[in-house]
Amino acid sequence: MNPLRALILAAAGNNGIRRLVGTAPVSRDVVRRFVAGESTSEAVTATSALVADGLTVTLDYLGEDTTDRELAEVTVQSYLELLDQLHSAGLSGSAEVSVKLSAVGQALDERLALDNASRICAAAEQCGTTVTLDMEDHTTTDSTLRVLGELRRSWPWVGAVLQAYLRRTLDDCRELAGAGSRVRLCKGAYKEPESVAYQAPHEVDLSYVRCANTLLQGDGYPMFATHDPRLVGIIDERARWHDRKPGTYEYQMLYGIRPEEQLRLAQAGETVRVYIPYGQEWYGYLMRRLAERPANTAFFLRALASK
Ligand code: FDA
């Protein structure tokens, strides 16, 4: 792994740095580039603007690694409030939610996470929208896929993220490529050991293409989460090869990253979903975004130094 990326990912887990960044007012402005706001209403406002531009949205209430039942409950309530507000604003046809199981109690008890995620799925169903489970570090993959399997018994449309950097992922794609499935394929954002994950960027890209082919060949609904222009081009070509029409798969990108490309693809008739994070616990999310791209880090440090 690139040393700068490793350093930033280490800072993601450092509480001292978290406090420094979290209280500096300028950094809060910079955070706005990647995070829609701290409140539900700010998240709904950001959704509304993107939907007006022809994009679709998935929203992530930021919070992770909860080992506290009450915090897990706060996360569930936040999703219920969000779904309610999206529905009232007439946006639930264009906006779904993304959930990290660790934020709803996975580290405490898988059953608790399942129950909490079930409550979010039931509310999403009432609003006519869907839920996708985010994927976290590799120690949680089996548990997350078990919970997915349980949720899909009642809500077959529940989606999951698979990470191309994991060596196991091609097999997981084969498992999940069937009718009715929704798989969001991304490269993967955590620091993982070589034993479980490809380390070289070109190996990750090759794995992404193998996985994309498997998903496009299958009968499910693949969701290609990447900003990588090369991969977007390859998926475009592969989708035609597999006779997939726009609307039978989609592209996904993060809020604030390559917004012009998001619009370009949507204007070309593709379905494009923007992943909007919001909430007070934005630090870990922001650090993963900075680790992905040195230019983002330079932008962030310059803004911090200028105050
Ligand atoms: P990569 O970071 O390699 O970037 C490739 C190229 O994209 C760059 O060379 C550049 O050309 C372009 N690019 C990237 N960032 C840019 C920027 N800021 N401005 C301009 N160009 C830029 N991860 C995870 O582990 N679990 C999860 O659940 C999710 N969920 C998720 C949902 C969605 C919708 C997305 C888009 C991503 C995730 N991720 C994730 C994150 C994912 O694993 C990955 O870390 C990031 O998407 C970055 O990888 P890229 O594919 O963009 O390629």
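Up top you'll find the structure we're talking about.
Read on for an overview of the structure.

Cut-off values and rules
Residues numbered from 1 in each chain as written. Predicted model: local features only at pLDDT ≥ 70, side-chain atom pairs only at ≥ 80, totals over all residues. Heavy atoms only, no water. Near = heavy atom within 4 Å. Polar contact = N/O pair within 3.5 Å; in protein donor to acceptor, adjacent residues only side chain to side chain. Areas by Shrake-Rupley, 256 points an atom, 1.4 Å probe, with all protein chains shown as cover. Helix = DSSP H or I, 4+ residues; strand = E, 2+ residues; numbered from the N terminus. Nonpolar A, V, L, I, M, F, W, Y, C, P; charged D, E, K, R; others polar. Core = buried A, V, L, I, M, F, W, Y, C linked by side-chain atoms within 4.5 Å. Buried < 20%, exposed > 50% of the residue type's maximum accessible area, 1.4 Å probe, protein only. Contact = heavy atoms within 4.5 Å. Salt bridge = Lys/Arg side-chain N within 4 Å of Asp/Glu carboxyl O. Expected span 1.5 Å × (residues − 1).

1. Looking at the site of the ligand
Neighbouring the ligand are 25 residues, the closest being Met135, Gly188, Thr226, His227 and Glu292. The side chain of Gln163 places a nitrogen or oxygen atom 2.9 Å from an oxygen atom of the ligand. For the ligand, whose free accessible area comes to 940 Å², the fraction covered by protein is 82%. At the level of elements, β4 (159-163), β5 (182-186), β7 (250-254) and α12 (283-292) are the ones that each hand at least two residues to the shell around the ligand. When the residues that make up the shell around the ligand are grouped by side-chain class, the tally is eleven nonpolar, six polar and eight charged.

2. A closer look at the nonpolar core
Among the nonpolar cores identified, the biggest contains 69 residues, and Leu59, Ile120, Leu151, Leu185, Phe224 and Ile276 are the most heavily contacted of them. If one sorts the elements of this core by residue count, helix α6 (residues 110-127) sits on top with eight residues. Setting aside chain neighbours within four positions, we find Ile276 in contact with Ala36, Ala46, Thr47, Leu50, Val57, Thr58, Leu59, Asp60 and Tyr255. Counting residues in each nonpolar core, the second largest holds 13 residues, with Phe34, Leu286, Met287 and Leu290 among its members.

3. Considerations on the pattern of salt bridges
Following the criterion strictly, the structure yields 22 salt bridges and no others. Two residues, Arg32 and Glu42, come together in a salt bridge whose shortest N-O distance is 2.8 Å. Pair noted here: Arg32 is in the loop between α3 (25-31) and α4 (40-52) and Glu42 is in helix α4, with a separation of ten residues, a long-range link. Looking at Glu42, the relative accessible area reads 26%, which means it is partly exposed. Between Asp134 and Arg184 there is a salt bridge, with its nearest N and O atoms 3.5 Å apart. Remark: Arg184 occurs in strand β5 and Asp134 occurs in the loop between β3 (131-133) and α7 (141-154); sequence separation between them is 50 residues. With relative accessibility at 5%, the residue Asp134 sits in the buried group. For Arg184, a relative accessible area of 4% puts it in the buried group. Through salt bridges that share partners, Asp60, Glu96, Lys100, Asp134, Arg182 and Arg184 make up one connected network.

4. Quick look at α6
With 18 residues, α6 should reach 26 Å at 1.5 Å per residue; the first-to-last C-alpha distance of 26 Å fits that figure. Here the buried face of α6 lies against α5 (69-88), β2 (95-99), β3 and α7. The N-capping residue of α6, defined by a side-chain oxygen 3.0 Å from the backbone nitrogen of Arg111, is Asp109. The first or second residue beyond α6 is Gly128, which carries a positive phi of 75°.

5. Notes on the environment of Tyr255
Tracing the backbone shows Tyr255 in the loop between β7 and α11 (259-267). In the structure, Tyr255 is positioned 198 residues away from Val57 in sequence and 9.2 Å away in space, judged by C-alpha atoms. Residue contacts for Tyr255: discarding those within four places in its chain leaves Arg32, Arg33, Phe34, Val35, Ala36, Ala46, Leu50, Val274, Tyr275, Ile276 and Pro277.

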